[in-house]
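These are the residues of each chain, in order.
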Amino acid sequence: MVKTMQTTDNYQLYFYYFYMLETLDESFQFVIDGYKNQEYEESEKIFSRIMEAFYDIDSSNSAILTASEKDDELISEILKFDSVIFELEKMDSAQEYPFASETYIKNELVPAFKAWKEAVQSRMQRYILQ
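Thresholds, definitions, all that
- Residues numbered from 1 in each chain as written.
- Predicted model: local features only at pLDDT ≥ 70, side-chain atom pairs only at ≥ 80, totals over all residues.
- Heavy atoms only, no water.
- Buried < 20%, exposed > 50% of the residue type's maximum accessible area, 1.4 Å probe, protein only.
- Helix = DSSP H or I, 4+ residues; strand = E, 2+ residues; numbered from the N terminus.
- Arc of directions from axis to C-beta.
- Salt bridge = Lys/Arg side-chain N within 4 Å of Asp/Glu carboxyl O.
- Expected span 1.5 Å × (residues − 1).
- Bend = angle between axes of the 7 residues up to and from the residue.
- Patch = residues over 30% accessible without salt bridge, like charges linked within 9 Å, V, L, I, M, F, W, Y side chains within 5 Å.
- Areas by Shrake-Rupley, 256 points an atom, 1.4 Å probe, with all protein chains shown as cover.

Draft legend 1. Summary view of helix α3 (residues 72–79). Burial in α3 covers these residues: L74, I75, E77 and I78. Burial along α3 is one-sided: seen end-on, the buried residues are contained in an arc of 165 degrees.

Draft legend 2. A look at the pattern of salt bridges. Here the structure, examined in full by the defined rule, presents ten salt bridges. The partner of R123 in a salt bridge is D71, and the shortest N-O contact between them spans 3.1 Å. With R123 in helix α5 (residues 100–128) and D71 in the loop between α2 (40–67) and α3, the pair connects residues that are 52 residues apart, well separated along the chain. The pair formed by R123 and D71 is uniform in burial state, with each residue classed as buried.

Draft legend 3. Spatial organisation of α2. If you check α2, its first and last C-alpha atoms are 39 Å apart, about what 28 residues at 1.5 Å a residue would give, namely 40 Å. Largest kink in α2: about 35 degrees, centred on S60.

Draft legend 4. Structural context of a nonpolar patch on the surface. A grouping of Y11, F15, Y16 and Y19 is seen on the molecular surface, where their side chains present a nonpolar patch of about 410 Å² in accessible area. Topologically, Y11 is positioned in helix α1 (residues 2–36).

Bear in mind that shape data such as this cannot, by itself, settle questions of function.
Following this line, the structure appears as structure tokens:
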């Protein structure tokens, strides 16, 4: 009984994490589209929410790592989130120039996030497609 409960809890954890990443991917697309349409204020609001979600990912990672204790490949991919945070931190220097953060988001941060997300989701799929 305890094992079934744990499996159900893990399923829900993986499921919500998986779709949180999907939602963030879509949110990045809204930001990029907003820049194209010169809707900078709306793009900045959405980007601010994405940054909040990054903190949620970072704090959720410990639960995912615990649930995945026997899946070394998934653990390895989850831990690579630090590389996305590293890209985010580099954006501070890009903000000194007009439109530099827009370019940095489109050309550096989004590709780093997408690559990480796809690697994590491909390893996590087996847990949510039961």
